Each structure stands twice: as structure tokens, then as C-alpha cells.
Amino acid sequence: MTVNTEIDSPGKTETAVQETPTIRIAQEAAGTEAIRQETTGESVPFHVEDEETVFDLRELSCYYGDFRAVREISLRVARNKITALIGPSGCGKSTLLRSFNRMNDLIDGAHIGGEILYHGVNLYADGVDPVEVRRRIGMVFQKPNPFPKSIYDNVAFGPRIAGFRGNMDELVESSLHRAALWDEVKDKLRQPGTALSGGQQQRLCIARAIAVEPDVILMDEPCSALDPIATLKIEELMHELKENYTIVIVTHNMQQAARASDYTAFLTMGDDRAGYLVEMAHTATLFTRPESKLTEDYITGRFG
Ligand SMILES: Nc1ncnc2c1ncn2[C@@H]1O[C@H](COP(=O)(O)OP(=O)(O)O)[C@@H](O)[C@H]1O
Ligand SMILES: [Mg+2]
């Protein structure tokens, strides 16, 4: 994987998030206007109209070779909100989530149809650097996966690769603070990250994601390996994080979606096994007054 040198100058990393909501590299390489004009497909009118849009999916399909795993999904993700993706196992939630930061690019044969605009820029346009995309749009996985390194080095890993030349101690401390982990680890920063409890490891992974100053954090069932108390702690943390970040979370836990998210998208799959969007709404609306019978059956436990 090539390291992007665009963020290689001191200071840039620190200010990138606040100043430039669009992908600088894409603008420079291809020209934002050109990218905008290429966009096709209708974006679904939706409740987030009043909110600033971070992701605008337009008839997005995701393929693994010939197999279409996700079919023509149009939805928007609002800034500084938590959007939950729910739906039965295998309906394409992880696939969809990975398309938000081009993580599927790493899978042989994976490709998309349709478009994802990120702050108005086509994420998949020529000239967009997937490494920079993944720095701005971080990801936390189902199983906590700290590197076999110290707590400190886990957090410092991303900034080091990006050529961060500021005060690393401060960056590590502030990242751990923001991940609500500092007080628990401040006296053992040199100990291995893997020695922490599961919940702490997951917060370490969140700190690691935060350390490179992302704009968005994607979470794929981040609590499924955690006990209820550690789960609540992550949910509280998500609530704090949305002040500064946009969060998209996949969860198979409907209580979690109902408790923790602002918007919920319900996906299911058709006979072709392709996942599609049934509906998306404010979380309270989706859980109390779903428009579709499919949603109602799912959230009342009659299906899935
Ligand atoms: N790397 C892959 N290669 C081929 N097919 C895949 C791959 N990952 C997932 N799939 C298929 O795509 C569909 C959606 O999977 P996934 O996104 O993991 O669903 P979910 O997260 O909702 O359980 C499934 O049919 C799954 O078998
Ligand atoms: Mg999944």
C-alpha cells in the first residue's frame, strides 16, 4: 500500500478535518466540477434534507465478481449524526459499509455500480486516492483488533505513517481522551494493547482511528464481541464522538440501533440474495411507525 504524501507536511493533519470537508486530492486531480457533472441517478428525497450531507449514495450496487451483494441503494448520511444500518445476516450491511471508504477495493473482483458522493465528490472517481479516503473515513471492526504493539504505538501508528511531525505524546493523549480510555491506561501506555479487556481494546481501536483526524468513523458491529457494560460504554462514547465525527454503524442489535442512532436504514435481501434498502428514517420513526410491512416484521422479530 502506498503512503499518501499529501498529508505529509506538519500541521496539515491537525487542521485537515475542520477546514476541508471535501477531498482535496480529488479536487486537485480531477476537478470537483467535472466530478459533479458526471453524477447520475436520483438521490432519494429524505429527512436528512435539512442536514448537511456527508454521503450521498445514488443507486449504489456492490458486486463480488458477477454476484451483486447490494442492489441500487440510494440514501444519505447526515453530518455529526449516527446512522445505523440494520437487517438480516447476509443482506450486505458490511459490504455497504466497506464501500463508504473503499475498503472493498482490497477484495479481488469487488466493484461498484452507481455512485457515492462524499461531501459532493465522487469517491470512486479517477484521481481519488483510496489511502487518503481511508484516513478521512476510518473504520472499527467487529472484533477488536489492536496491533501487537504497545497502547501508545497503536495510537501513534497511523499518524507516524502519515508523517505526522507534531507532538506525538499530545496526540496520543488527546486521542485516548476522546476515546474515553485515557484514565484507564495513562499509567501503562507501554504495555501491549492486546492485554486490555475487550471493551478497552475496542476503545483503543477507536482511539487509533481518531488519531489520524478522520471526518467519519464507520463501525461494523463494534459491540458484538463485548459484554453489556462494555457495550453501553461504547454507545456512550459514540454519543460523545458525534459532536466531532459522523458515524455509521452496522448493528444486528436492534435495541442498540434504537438507543444509539439518529437515523436507521433497514436493509433486506431479495430472491437474488442482493441486499436492498427497504426504508430509512429517523430512528424513532422507523421503530414506531415503519412504512413497510417488511420493516415491521423485522423489528418485531417475525423475521431475521
Ligand atoms: N469477500 C467476499 N467475496 C464474495 N462474496 C462476499 C464477500 N463478502 C461478502 N460476500 C457476500 O455478500 C453478501 C453480503 O455479505 P455481508 O456484506 O457480509 O452481509 P452482512 O454484513 O449484512 O451480514 C453475502 O451473500 C456474502 O456471502
Ligand atoms: Mg456483516
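Only a predicted model underlies this, so the values are computations on that prediction, with no experimental measurement involved. (Residues numbered from 1 in each chain as written. Chains lettered and ligands numbered in written order. Predicted model: local features only at pLDDT ≥ 70, side-chain atom pairs only at ≥ 80, totals over all residues.)

(A) Quick peek at the overall build of the protein. For the protein, the count of helices and strands is 13 helices and ten strands. Per-residue burial over the protein gives 46% buried out of 304 residues. Summarising the internal contacts of the protein: among those between residues at least 6 apart in sequence, 73% fall at separations of at least 24. (Helix = DSSP H or I, 4+ residues; strand = E, 2+ residues; numbered from the N terminus. Buried ≥ 20, exposed ≤ 12 C-beta atoms within 10 Å, placed from the backbone. Contact = placed C-beta atoms within 7 Å.)

(B) Broad picture of the environment of Asp 66. The topology assignment puts Asp 66 in the loop between β1 (53–64) and β2 (67–78). For the pair formed by Asp 66 and His 111, sequence separation is 45 residues and the distance between their alpha carbons is 9.6 Å.

(C) Examining the site of ligand 1 more closely. With respect to spatial proximity, the complete set of residues near ligand 1 consists of Tyr 64, Ala 69, Ser 89, Gly 90, Cys 91, Gly 92, Lys 93, Ser 94, Thr 95, Ile 107 and Arg 273. Examining the composition of the shell around ligand 1, we find that three residues originate from one element, helix α4 (residues 93–99), more than from any other. Looking at the shell around ligand 1 residue by residue, the class counts come to four nonpolar, five polar and two charged. (Near = placed C-beta within 6 Å. Nonpolar A, V, L, I, M, F, W, Y, C, P; charged D, E, K, R; others polar.)

(D) Focus on helix α6 (residues 151–161). Inspection of α6 places Ile 151, Asn 154, Val 155, Ala 156, Gly 158 and Pro 159 among the buried residues, and these make up the whole buried set. A positive backbone phi angle near 80° is found at Gly 163, which sits one or two residues after α6.

(E) Representation of the environment of His 111 in the model. Along the chain, His 111 falls in strand β4 (residues 110–118). Judged by the 14 C-beta atoms lying within 10 Å of it, His 111 falls in the partly exposed class. In the structure, His 111 is positioned 48 residues away from Tyr 63 in sequence and 5.3 Å away in space, judged by C-alpha atoms.

(F) Spotlight on the pairing of strand β6 (residues 137–140). Of the two faces of β6, the one lined by Ile 137 and Met 139 and the one lined by Gly 138 and Val 140 are each fully buried. As paired elements, β6 and strand β7 (residues 216–220) share four bridges and run parallel to each other. Across the sheet, residue Gly 138 finds its bridge partner in β7, namely Ile 217. (Pairing = 2+ DSSP bridges.)

(G) Summary view of unusual backbone geometry. If you check the backbone angles, Asn 80 has positive phi at about 55° while not being a glycine. Look at Arg 273: it is not a glycine, yet its phi comes out positive at around 65°. Its location among the elements puts Arg 273 in the loop between β9 (263–269) and β10 (275–282).

(H) Quick peek at the nonpolar core. Judged by nonpolar contacts, the single largest core of 78 residues is most densely connected at Leu 85, Ile 116, Ala 207, Ile 217, Leu 218, Ile 247 and Val 248. Not counting chain neighbours up to four residues away, the residues in contact with Ala 207 comprise Val 155, Ser 175, Leu 176, Ala 179 and Leu 181. (Core = buried A, V, L, I, M, F, W, Y, C linked by C-beta atoms within 7 Å.)

(I) Molecular detail of the pairing of β9. With respect to burial, β9 is a largely interior element, six of its seven residues being buried. Across four bridges, the pairing between strand β3 (residues 82–86) and β9 is parallel. Note that in β9 the partner of Thr 83 across the bridge is Tyr 263. As paired elements, β9 and β10 share seven bridges and run antiparallel to each other. Across the sheet, Thr 264 pairs through a bridge with Ala 281, a residue of β10.

(J) Focus on the packing of helix α9 (residues 198–210) against helix α10 (residues 228–241). Between α9 and α10, whose axes approach to 9 Å, the crossing angle comes to 20°. It follows from the interaxial angle that α9 and α10 lie roughly parallel. As α9 packs across α10, the resulting crossing turns out to be right-handed. Between α9 and α10, the residues in contact are Gly 198, Gly 199, Gln 202, Arg 203 and Ile 206 and Ala 230, Lys 233, Ile 234 and Leu 237, respectively. Class assignment for the residues of the contact of α9 with α10 results in four nonpolar, three polar and two charged. (Axes fitted to C-alpha atoms, helices over the stretch in contact; angles between N-to-C directions. Parallel < 35°, antiparallel > 145°, perpendicular 65-115°, else oblique. Left-handed = near helix turned anticlockwise from the far one by under 90°.)

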